[in-house]
Amino acid sequence: ASDRGVRLLIDAEHCKYQPAIDHLALILQQSFNDVQKTDVPIVFQTYQCYLKGSFPRIQIDLERSKRFGYHFAAKLVRGAYRIHEAER
């Protein structure tokens, strides 16, 4: 994707799968969004903003990107899985 100038948006999933997806997105962002390697972000993480912990997660991830020198890139969604999560 980065060689061709394509952006990669990591989509959100149900809460039970999200921690693994978040970890993968973090590793990919640290590698492909490195400010020494690219002027623009390549990998975007998705945040499900209907979840109460979304804002603190965004703040933590933004600070982490500054600390480790990679571009923070995000896609914000309102509630892709809100109905499914309410059933749980």
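This is a predicted model, so every value here is computed, not measured. (Residues numbered from 1 in each chain as written. Predicted model: local features only at pLDDT ≥ 70, side-chain atom pairs only at ≥ 80, totals over all residues. Heavy atoms only, no water.)

## Section: the overall build of the chain
When you go through the chain residue by residue, the secondary structure sums to three helices and three strands. Put simply, the chain runs from its N terminus to its C terminus through helices and strands in the order β-α-β-α-β-α. A buried classification covers 33% of the 88 residues belonging to the chain. (Helix = DSSP H or I, 4+ residues; strand = E, 2+ residues; numbered from the N terminus. Buried < 20%, exposed > 50% of the residue type's maximum accessible area, 1.4 Å probe, protein only.)

## Let's talk about the environment of Ala1
With respect to the secondary-structure elements, Ala1 resides in the segment before β1 (8–10). Once the C-alpha coordinates of Ala1 and Phe32 are considered, the two residues, 31 residues apart in sequence, prove to be 9.4 Å apart.

## Considerations on the confidence of the model for the chain
The predicted model of the chain has a mean per-residue pLDDT of 88, with 89% of residues at 70 or higher. The spread of mean pLDDT over the elements of the chain runs between helix α3 (residues 82–87), the lowest at 55, and helix α2 (residues 54–68), the highest at 96. (pLDDT = per-residue confidence, 0-100.)

## Re α2
Its 15 residues place the ends of α2 21 Å apart at the C-alpha level, agreeing with the 21 Å of an ideal helix rising 1.5 Å per residue. All of the buried residues along α2 are Ser54, Ile58, Asp61 and Ser65. Taken around the axis of α2, the buried residues stretch over an arc of 70°, which confines them to a single face. Every exposed residue of α2 that faces more than 90 degrees away from the buried side is listed here: Phe55, Lys66 and Arg67. For α2, the secondary structure elements touched by its buried residues are β2 (43–48) and β3 (74–77). Among the residues trailing α2, Gly69 stands out with phi positive, at a value near 75°. (Expected span 1.5 Å × (residues − 1). Arc of directions from axis to C-beta. Contact = heavy atoms within 4.5 Å.)

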